[in-house]
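Fold and geometry: a report
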Amino acid sequence: MTFDVYHFNSKIMAGIDASGYSSPTPIQTEAMPHILAGKDVMGLAQTGTGKTAAFVLPMLQRLLSSPRRKVRALIIAPTRELAEQTHNAIVDLARKTDLTSMSIYGGVGIQPQMKRLKKGVDIVTACPGRLLDHINRGTISLSNIEMLVMDEADQMFDMGFFPDIRKIIKRLPADRQNLMFSATMPEDIKHLASEVLKNPVRIQIGHKVPVATVSHTFYTVTTGSKNTLLLRLLNKNGTESVLVFTRTKRRSQNLAEHLERAGHEATALHGNLSQSRRQKALEGFRNGRFKILVATDVAARGIDVRGISRVINYDMPATADAYTHRIGRTGRAEETGDALTFVCGEDKGPLRAIQHMLGGKLKYAALEGFAAPARALEQRPKQWPSSTPKKSYRPRRSNESRRRNSVFSNMARKT
Ligand code: AMP
């Protein structure tokens, strides 16, 4: 299947081609016809499935047919990194159109955002706090919004953003299209969905099962030997594009410094860093200056970096959903990846939930010198749950797509 069936405007098709997309991903196949038909959609999809383009492409199609330079589409995202990434995806896909996009988030000056809004912009991707700030100052008008997207709704709930989101929604025109995407569907998300979405079409792609292109390996270890095990694994398997997750900000910082002292090109990404340091860390990881990124969950969720070969859970994620989010950083867009998880005595609860989610026995590995129940080596879950044949969805790794993924903070492009 190709993108031709959707009859996108030729300028949008040119953006799709330039992005190297040859065929739609499963979420795109499922969601785009409904979004193009103007329906509300509740998409249950994990990251890495191509969900951004699934809502951006129909959004561009819709916006091309109405007058420009008024904010007509609003995307609400939980983190600055995700907002910036979504903005960049829009800029890429809209590059041959005259539609404009900007991102809005805190931690950076508000004046340039106000100036940009004054000039007029078609699409805004915003984090809730700073958006409310603009609303309260009267520096953004939301009265022309035709389309609202709430992305990574479960993370927005976890981060306590729902009261802000409800306030924002009250300022939008009632007559609009609503889309909500979430990797998981706890009761609170269902509740918000029922408040905001009108007769939504429900779409579920790969719910709860981490991407099929990732292999899952578990290492039992004592807390005190995690650093040694990590260094051994890095030395054994190479350090090309490795994302390491820790539970706390402090541990993320300490571990990155420890790895640097051990001679690795590592950096940390967590909420205690200034926005410019967060951007530098992510940009450096994207362009290969840093081979290892040590991150906390909140900072790294939703980010898309092509070619992450391994995710290492230095600390066990608190829930099976958090595991899904973390390992969604590798094996994206059907590239293969490895998820390595350190298991300590205190991790039994989440471990059981992860085991249940992976659908059976966990497979363990052990390095020589580490007392661990060395069972089979790894497990590869069955298939990316999809009706689309695997072959038809192979992203082309063009120089262009590499460049695109290395550009993170280029807010000036088309803004
Ligand atoms: P997302 O889930 O939106 O974060 O997307 C994950 C990755 O898939 C991004 O790097 C996209 O550029 C890429 N992608 C999205 N749609 C396609 C497609 N149809 N073909 C190939 N790659 C895609």
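Our subject is the structure listed above.
Every value quoted in this text rests on a predicted model; they were computed, and no experiment measured them.

1. Some remarks on the overall build of the protein chain
When you go through the protein chain residue by residue, the secondary structure sums to 16 helices and 13 strands. Sorting the 415 residues of the protein chain into buried and exposed places 58% on the buried side. Considering only intrachain contacts with a sequence separation of at least 6, the fraction spanning at least 24 residues in the protein chain is 77%. Carbon and sulfur atoms form 50% of the exposed surface of the protein chain, whose accessible area is close to 16,800 Å².

2. Remarks on the side chain of threonine 125
Turning to its location among the elements, threonine 125 is positioned in strand 4 (residues 123-126). According to the relative accessible area criterion, threonine 125 is buried, its value standing at 0%.

3. Topic: the sheet that holds strand 4
On the basis of which strands lie adjacent, the open sheet formed by seven strands has the order 3-4-2-5-6-1-7 and parallel pairing. Of all the strands in the sheet, just strand 3 (101-104) and strand 7 (201-205) have a single pairing partner and so form its edges. In this sheet, neighbouring strand axes are inclined to one another by 15 degrees on average, regardless of whether the strands run parallel or antiparallel. Pairing between strand 2 (residues 73-76) and strand 5 (residues 147-150): four bridges, direction parallel. Its bridge partner being in strand 5, leucine 74 is matched across the sheet by leucine 148. Those strands touched by helix 9 (residues 187-196) are strand 1 (41-45), strand 5 and strand 6 (177-182), and its axis lies near 170 degrees from that of strand 6.

4. With respect to the nonpolar core
Ranked by internal contacts, the top residues of the largest apolar core, which has 35 residues, are Phe8, Phe55, Leu57, Met59 and Leu60. If we ignore the near neighbours within four places in the chain, the residues touching phenylalanine 55 are Ile35, Ile75, Thr86, Met147, Val149, Asp151, Leu179 and Phe181. Counting 34 residues, the second largest nonpolar core, distinct from the first, contains Val71, Leu117, Ile140 and Met156.

5. Topic: helix 11 (residues 249-261)
Along its 13 residues, helix 11 runs 19 Å from first to last C-alpha, staying within 8% of the 18 Å computed at 1.5 Å per residue. Those residues of helix 11 not exposed but buried are Ser252, Gln253, Leu255, Ala256 and Leu259. Lining the buried residues of helix 11 we find helix 10 (226-237), strand 9 (242-245), strand 10 (266-269), helix 12 (275-286) and strand 11 (292-295).

6. Description of unusual backbone geometry
We note that arginine 69 has phi near 65 degrees; this positive angle belongs to a residue other than glycine. In this fold, arginine 69 is placed in the loop between helix 3 (51-63) and strand 2.

7. Quick look at the environment of alanine 365
Relative to the elements of secondary structure, alanine 365 occurs in the loop between helix 15 (348-358) and helix 16 (399-406). Alanine 365 sits 25 residues away from leucine 340 along the chain, and the two C-alpha atoms are 9.3 Å apart.

8. Some remarks on the sheet that holds strand 10
To summarise the sheet geometry, strands pair through backbone hydrogen bonds and adopt either a parallel or an antiparallel arrangement. Ordered by their spatial adjacency, six strands build an open sheet running 8-13-12-9-11-10, and the pairing between neighbours is parallel. The sheet terminates laterally at strand 8 (214-220) and strand 10, the two strands that pair on one side only. Taking the axes of each pair of neighbouring strands and ignoring which way they run, one obtains an average angle of 20 degrees across the sheet.

9. Examining the environment of alanine 83
Summarising the element assignment, alanine 83 is placed in helix 4 (residues 80-93). In this structure the C-alpha to C-alpha distance between alanine 83 and valine 124, which are 41 residues apart in sequence, comes to 9.1 Å.

10. Considering the pattern of salt bridges
Overall, the coordinates contain 14 salt bridges when judged by the stated rule. The shortest N-O distance in the salt bridge between glutamate 195 and arginine 166 comes to 2.6 Å. Here glutamate 195, found in helix 9, pairs with arginine 166, found in helix 8 (residues 162-170); they are 29 residues apart in sequence, far enough to count as distant. The class for arginine 166 is partly exposed, based on a relative accessible area of 29%. Taking the shortest distance from any N to any O, the salt bridge between aspartate 347 and arginine 247 comes out at 3.6 Å. Of the two residues, aspartate 347 sits in the loop between strand 13 (337-343) and helix 15 while arginine 247 sits in the loop between strand 9 and helix 11, which places them 100 residues apart along the sequence. Assessed through its relative accessible area of 2%, aspartate 347 is described here as buried. Taken together, the salt bridges that share partners define one network made up of Lys51, Asp151 and Glu152.

11. Some thoughts on the packing of aromatic side chains
The tally for this structure, following the rule as stated, stands at eight aromatic pairs. Through successive ring pairs, a cluster of aromatic residues spans Phe3, Tyr6 and Phe8.

12. Description of helix 9
Looking at helix 9, one finds that the buried residues are Ile189, Leu192, Ala193 and Val196. Viewed end-on, helix 9 has its buried residues packed into an arc of 105 degrees, placing them on one side of the element. The exposed residues of helix 9 that point more than 90 degrees off its buried face are Glu187 and Ser194.

13. Digging into the pairing of strand 9
Side chains Val242 and Val244 of strand 9 all project onto a buried face; the interleaved residues Leu243 and Phe245 project onto the opposite face, where all are buried too. Across four bridges, the pairing between strand 9 and strand 11 is parallel. Looking across to strand 11, one finds that valine 244 is bridged to valine 294. Of the strand pairs in this sheet, strand 9 and strand 12 (residues 310-313) are connected by four bridges, and their pairing is parallel. From the neighbouring strand, leucine 243 faces strand 12, where its bridge partner is valine 311.

14. What about the packing of helix 6 (residues 128-137) against helix 8?
Between helix 6 and helix 8, whose axes approach to 10 Å, the crossing angle comes to 40 degrees. By crossing handedness, the relation of helix 6 to helix 8 is classed as left-handed. Each of Pro128, Gly129, Leu131, Leu132 and Ile135 in helix 6 lies in contact with helix 8, whose residues at this interface are Asp164, Ile165, Lys167 and Ile168. Of the residues contributing to the contact of helix 6 with helix 8, the split by class is six nonpolar, one polar and two charged.

Calculation criteria
Residues numbered from 1 in each chain as written. Predicted model: local features only at pLDDT ≥ 70, side-chain atom pairs only at ≥ 80, totals over all residues. Heavy atoms only, no water. Helix = DSSP H or I, 4+ residues; strand = E, 2+ residues; numbered from the N terminus. Buried < 20%, exposed > 50% of the residue type's maximum accessible area, 1.4 Å probe, protein only. Contact = heavy atoms within 4.5 Å. Areas by Shrake-Rupley, 256 points an atom, 1.4 Å probe, with all protein chains shown as cover. Pairing = 2+ DSSP bridges. Axes fitted to C-alpha atoms, helices over the stretch in contact; angles between N-to-C directions. Core = buried A, V, L, I, M, F, W, Y, C linked by side-chain atoms within 4.5 Å. Expected span 1.5 Å × (residues − 1). Salt bridge = Lys/Arg side-chain N within 4 Å of Asp/Glu carboxyl O. Phe/Tyr/Trp six-rings, centres within 6.5 Å; stacked < 30°, edge-to-face > 60°. Arc of directions from axis to C-beta. Left-handed = near helix turned anticlockwise from the far one by under 90°. Nonpolar A, V, L, I, M, F, W, Y, C, P; charged D, E, K, R; others polar.

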